[in-house]
Amino acid sequence: MRDQRAAVIVLVIFLVSSVLLLKLFTIQVVDDSFLRRAESNAIQRVVDHPYRGLVYDRTGKLLVFNDPIFDLMVVPREFQVGDTTRFCDLFRISKDELIEGYNAAKSYSRVKPSPLIKQLSTKDFARIQDFLVDYPGLFILTRSVRSYPSPIAAHALGYLGEISAGQLKKDTLLYYSQGDYIGLSGLEKYYENELRGKKGVKYKMVNVRGVDKGPFKQGQYDTLSFAGKNLTSTLDLELQAYGELLMSGKTGSVVAIEPKTGEILAMLSAPFYNPNELTGAAFGKTYSKLNKDASKPLFNRPIMATYPPGSIFKIVQSLIGLQEGILTPNTTFACNRSLVACHNHPSPVNLFGAIRNSCNPYYHQAFRQIINQDVSSNTFKDTEIGLNAWREKVLKFGLGAPLSIDMSGEKGGNVPSSKLYDRIYGEGRWKYSTIYSLSIGQGEMEVTPLQMANLAAIFANKGYYYTPHLVKAINGDPKQIPRKFQEKHTVGVDPHHFDLIQDAMAEAIYGTAPRAVMKDLVIAGKTGTAQNPHGEDHSVFIAFAPKDDPKIAIAVYVENAGWGGRAAATTASLMIEKYLRRTVARTELQDYVLAGNFVY
Amino acid sequence: MKETDVQINRVDWIAVSIYFVLVMIGWFNIYAVVFDSQVEKSIFDFSISSGKQLIWIGTSIGLITIIMVADYRFFENLSLVIYLLFLLILVLTPFFGKEVNGQILSIGVGEFRIQPGEFTKFATALALAKVMERPTFDLSKRNYQIIAFLVLLVPIGLILLQPDTGTAMVYFSFLLMFYREGLPQWYFGVGLGAIAITLLALGVENNLYLAAFIVAMVGALIYLGKKSWQRILAFSLIGIGLIAYIYSIDFVVSKLPIHQQNRVMVLFNPEIDPLGVGWNVTQSKIAIGSGGLFGKGYLEGTQTKFDFVPEQDTDFIFCTLGEEFGWLGSVVVIGLFAGLLYRLVIMAERQKTRFSRIYGYGVISILLFHFMINISMTIGLFPVVGIPLPFFSYGGSSLWSFTILLFIFIKLDSSRASQLGRIN
C-alpha cells in the first residue's frame, strides 16, 4: 500500500510537469500573439528624419535653409530645480511659466520628456548650455524648421505643413506617417520628392518606462537617412527683393523671365507675407491670420489670378494676321470710332501705327478678316470655323491653358471657343459682331500674369518659348530638372514677322509709357489696361529688354492702379534696370513708384 | 572508521549534480535579468544581483560542507530544538524585523538579514519527521493526525501574522508527505472536492447556476437511491452545506485584503486590467510566450531585461528562461526538476529509518509545491503568490534554505548504511 502511494506521488510529479510543459507549449509555440506583444512592448521604431534640401537663388545665394531650433525638454521624474529663483533667472522665465510648464509636462508623463521652454534662440541655447549640467532631468532637443535668410519669394518657395489625413490616404507608397511635414505649396510642394530626401529607420529597445536601451540587434535592421537634394532656383534674389520693395503696399503681380531659357528671374505676388512666420510653432497662428486676411496674401496671383489681356493682346492679333497673310506691314485701316472707342491719334494707321497707338478700330477690322474668311457662305458657320481656327493659333502662344510650370495651382485663363458662344447665345446665333471685343483682348478672354510674361518672352525670342520654370538645377545638375522645361515651343509665326512688332513696341512706350523709357537702353513694351468692373482698372505692362539681345522679359500687374503706362510700366522699367544694371540710378522714378499715387 | 566520516561513495551524486546544474542555470538567468548592453558589467560584479548570488552560492557550498561533515544523528537529535528555535525567531520577527510593504519578513542586523519563514520549512520537516518516526505513530488515527497537524499549524499561524500568505501555503504541501505516511485517502477526496467547488464558485459568475446544479444533483441522488429518511436528511444537509459554502466564498473573498482579491480575480481573467493587477501575469506571459520554440538567445531577451516583468530575478525568474531559451529551455529545466523529484522519491523509499524517509518526503513536498506554484503563476495557471523557484530565484534566504533542506536529506541518505533499520 505504501509503495502504491509512492507511485501515486511519482505520478503527481510527472502530471504536474506535463501540465506545465503543455501550457508552456501553447503560449510559447502555438500562440504567436505574445511575440508581437513583446515587440510592441520593447522595440520602438524611431524614424530618422533627413535634412530637407536647401534652395539657392540663381547666383548661389541661400533662399531656404534648415534652422535648428532648440527646445528645452524636461523629464519630470528626474527634474530637480533647487533654487527656483536662480533657475528662473538663468533660463529667463517667470516662476509661473516654470510651474505651468512643469505641471503640463508632469500631466503628460512623469518619465517621458516634454518641452519646458519651446524654441530657444541660438543665443539663449548657448547661454543655457553651461548650466544644464546643474539640473538633472533637463536636456535640449534639436529640431529644424525652414528658415529664410531674406524674407522674400514666399509664394514661389511655398511652405511646409503637417500632412493631412487625405494626403496620407493618397500616399500609396506609405512613405509618410502622421505628423510628418510635407510641402504644401510652391517649390516645397512641387519638388517634395527631391527635397524630402529619404527617411531612415532605427529600431531601438526601450524598457518598461520608455527609456532608451540601445539599438535592437546591434542595428542590423536600421536604415540610414539621406538628406534631400538641394535646388538651385532660377530666381534672382536681388531682383526678387527689389520687386517686392516696389510692390509693397500694392496688390498685383510681377513675373520676370529670361527669354532664352524660360527661367523665372522674379515672381512675386503682392501683398506678401513673411515666409519666416509660416514655419515651426508659429505656422498655425500665422496661417489662420493670413487665411482670414481680406487682401488674400496667400493667393498666388501670378499663376492664380486671371485678367482680360487687354491691349497687349493686339500684338498677338498682329502676329496671327501677319502669319496668315491677312495683314502686311502696309495694311491700313481707318480709326473708325463708330466701331469701337479709341483715343486721339492720326488716322488711318498702318500696322506699326496701330501697335504704337494701340488703335482699337484697326484691330476690330483686322480681326474680322481673320475670323470671316468666307470659308462658308453661312456667316454664322463662317464665324464659328474662323473662331476655332484662330483659337488654335492663340493657344500656341501659351494662352488658354496652364503653362504647367513647376508650381501647383496654376490657372489656364481662357481663350473662348465656339462652344462657349454656343452655350451663351445658342448654336448658329452668334457672329463676328457678337465676339468682336476679342479683337482687343477684352470680352471672354482671360490670362494670368505668368502667361503675359511668357508672351513678352515670345516676342523677345521672335516666336518661341521655354516653359517658364523656377528651378534650374537639382543638386547642381541642370539635367535633373524636369524634361519639359528643356523643350522649345514654337508659336507658329515666322521670326521675321516679329521685327516689326519689336520695333513698334520699342516705339510704343515713348507714347504710352514715357516714364518707362531709359536713355541708353532700348526697352520694348506694351501697356494694357485690364478692365475691372468692380473699381479702378488694373494697370498692366509687358516688356523685354534690351531690344536687340533680350535678357529679361517682364509682365507687371498692379491692381486698381489705372492706366498701364503709369504704375505697371514704371515698375517694369525699374525692374529691368535693376536686373541689367544691378543698381537703380533713377531714384526719382523709384520714389514715384514707392509713393504709389498712380491714380489721379 | 568513524561513523561521522563523510561517506563520499554513498552520496547520491545524481541529486547533487541536478542541484548544481539548476543553481548554475539560475545564476546565469539572474545575470540575464540584470544584463544591460549599455552598461556592461561582469556576471561576477558584486554590485549586481548575479554577483551577489555568487556569494550566496559560495556560502551555500560552505553550508553543504558543514552538513556533510556533521554527524547524521545531529539532525535527528536536535530536530525539535531547531524547530523551536525557528519558531522563536518567527515569534520575534514582527517585533524586531524590518517592515517592507506592510510585511515583516526578515530579521537580522544591517545588511545581513534572513527570512525565518524560509528556514522554518526545513525545521518543520525535521520536527515532523521526529514526531512521526515513532513506530506507534499512525496517521490513520485521529490523535496522531492532531499531533501532526499541530506541528504544521504553529508555523503557519506565525507566518500568517507577518503576513506572508504565499509562504504559509507552502506548509500545506506537507499533506503530500502525510499522504505517503498513511493519512486516509478520503481527506484528499474531500480536499480536492473543496478546491474544485471553490474554483467553480469563484469562476462561475452567477452562483445561482451552481446552487441549482447542486439541488438537481441532490434530488437525483435521493430519487435514484434508497428512500430512507436518514439518507434524505443527510443528502439534503450536504446540499444545503455546499450551497452555503458557495455563497460564503464570495463573502470571504470580499473580506480579503484587496490585493489578494485582485490576484484571485486575475486568475480567471488576466485581461481584466492588464495595466493594473493583471500586469504581472500579462507581462510574464508575454515574456515567456515571446520565447517561441528556441528562445531569443542568451542575454537577447527584451521583456525581462527591460523591466517589463516585475520581480523578475526572484519570483518571476522563470520568465527570463522562457524568453531566452524558449520551450526547449523550459523542457530542460522542468525535466531537471521532475528528475530531481523522481530521484528524491527513489532515495526516500530506500531509507532504512522512518525519520529519514519522512524527512525525504518533506523535502519532496516542499520542492514540488514551490516548483509547481511558481511556474504556474508565471504562466497564469495560479494566482500570483510570492514564492521563489527553488535554486533559481535570486536571494540568500531562499537559496540557503533550499540548500539546507535538500542536503540534510542527502546527508541522511548517504549515512543510511550506518542507521539502524527501524523501518516498518
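Residues numbered from 1 in each chain as written. Chains lettered and ligands numbered in written order. Predicted model: local features only at pLDDT ≥ 70, side-chain atom pairs only at ≥ 80, totals over all residues.

All right, on to the overall build of chain B then. For chain B, the count of helices and strands is 15 helices and 3 strands. By residue count, 42% of the 424 residues in chain B fall in the buried class. Sequence separation of 24 or more characterises 69% of the internal contacts of chain B that already satisfy a separation of 6 or more. (Helix = DSSP H or I, 4+ residues; strand = E, 2+ residues; numbered from the N terminus. Buried ≥ 20, exposed ≤ 12 C-beta atoms within 10 Å, placed from the backbone. Contact = placed C-beta atoms within 7 Å.)

What follows deals with the overall build of chain A. Counting its secondary structure elements, chain A contains 22 helices and 18 strands. By the burial criterion, 41% of the 600 residues in chain A qualify as buried. Restricting to contacts in chain A with at least 6 residues of sequence separation, those with at least 24 account for 69%.

With 30 residues of chain A at the contact, the number on the chain B side is 36 residues. Of all the secondary-structure elements, those providing two or more residues to the side of chain A that touches chain B are α1 (2-30), α2 (33-42), β8 (200-206) and β9 (212-215) of chain A. Counting residues per element, the side of chain A that touches chain B draws most heavily on α1 of chain A, at 16 residues. Partitioned by chemical class, the residues of the side of chain A that touches chain B number 20 nonpolar, 5 polar and 5 charged. (Nonpolar A, V, L, I, M, F, W, Y, C, P; charged D, E, K, R; others polar.)

This next bit is on the environment of P116 of chain B. Mapping P116 of chain B onto the fold places it in helix α4 (residues 116-132). Among residues more than four places away in sequence, those in contact with P116 of chain B are F86, I89, L90, T93 and I107 of chain B.

Residue and element names in this part refer to chain A. Spatially, β12-β11-β18-β17-β16 is the arrangement adopted by the 5 strands of the open sheet, whose pairing is antiparallel. Each having just a single partner strand, β12 (263-270) and β16 (524-530) make up the two edges of the open sheet. In this sheet, adjacent strand axes meet at a mean angle of 10° when their direction is disregarded. Sheet analysis places strand β11 (residues 252-258) next to strand β18 (residues 552-558), joined by 6 bridges and oriented antiparallel. Looking across to β18, one finds that V255 is bridged to A555. In the packing of helix α10 (residues 237-247) onto the sheet, the strands contacted are β11 and β12, and the crossing angle to β12 comes to about 25°. Of the strands in this sheet, β11, β12, β16, β17 (538-545) and β18 are in contact with helix α21 (residues 567-581), which crosses β18 at around 145°. (Pairing = 2+ DSSP bridges. Axes fitted to C-alpha atoms, helices over the stretch in contact; angles between N-to-C directions.)

Judged by nonpolar contacts, the single largest core of 124 residues is most densely connected at A256, A453, A456, A543 and I554 of chain A. The element best represented in this core is helix α19 (residues 449-461) of chain A, accounting for 9 residues. Residues Y179, V333, L368 and L399 of chain B belong to the second largest nonpolar core, which totals 108 residues. (Core = buried A, V, L, I, M, F, W, Y, C linked by C-beta atoms within 7 Å.)

The next point concerns the environment of W327 of chain B. Residues and elements named next belong to chain B. Residue position: W327 is located in helix α13 (residues 317-349). For W327, a count of 23 C-beta atoms within 10 Å gives the class buried. C-alpha separation for the pair W327 and F294, spaced 33 residues apart in sequence, amounts to 6.3 Å.

One face of the sheet, then the other: side chains in a regular strand alternate in exactly this way. All names here are of chain A. For β18, a buried count of 7 out of 7 residues is recorded, marking the element as mostly surrounded by other parts of the structure. Every second residue of β18 is oriented toward a common face, with I552, I554, V556 and V558 on one face and A553, A555 and Y557 on the other, all of them buried. Of the strand pairs in this sheet, β17 and β18 are connected by 7 bridges, and their pairing is antiparallel. Across the sheet, S539 pairs through a bridge with V558, a residue of β18. Counted along the chain from β17 to the antiparallel partner β18, the turn is 6 residues long.

Below, the discussion takes up the confidence of the model for chain B. Residues and elements named next belong to chain B. Per-residue confidence for chain B gives a mean pLDDT of 85; residues scoring 70 or more make up 91%. Every residue in residues 1-5 scores below 50 in pLDDT, and together they form 2 contacts with partners more than four places removed in sequence or on other chains. Predicted complex metrics record ipTM = 0.88 and pTM = 0.63. (pLDDT = per-residue confidence, 0-100.)

Let us look at the environment of G322 of chain B. Tracing the sequence through the fold places G322 of chain B in helix α13. Residues G322 of chain B and T304 of chain B, spaced 18 residues apart in sequence, show a C-alpha to C-alpha distance of 9.9 Å.

The next point concerns the sheet that holds β9 of chain A. Residue and element names in this part refer to chain A. On the basis of which strands lie adjacent, the open sheet formed by 3 strands has the order β1-β8-β9 and antiparallel pairing. A single partner strand is all that each edge strand has here, and the edge strands are β1 (43-48) and β9. Neighbouring strand axes in the sheet, compared pairwise and without regard to direction, differ in orientation by 40° on average. Of the pairings in the sheet, the one linking β8 to β9 comprises 2 bridges and is antiparallel in character. Paired with V206 across the bridge in β9 is D212.

Right, let's get into the pairing of β8 of chain A. With 6 bridges joining them, β1 of chain A and β8 of chain A adopt antiparallel strand pairing. Considered in β8 of chain A, the bridge of V46 of chain A is made with K202 of chain A.

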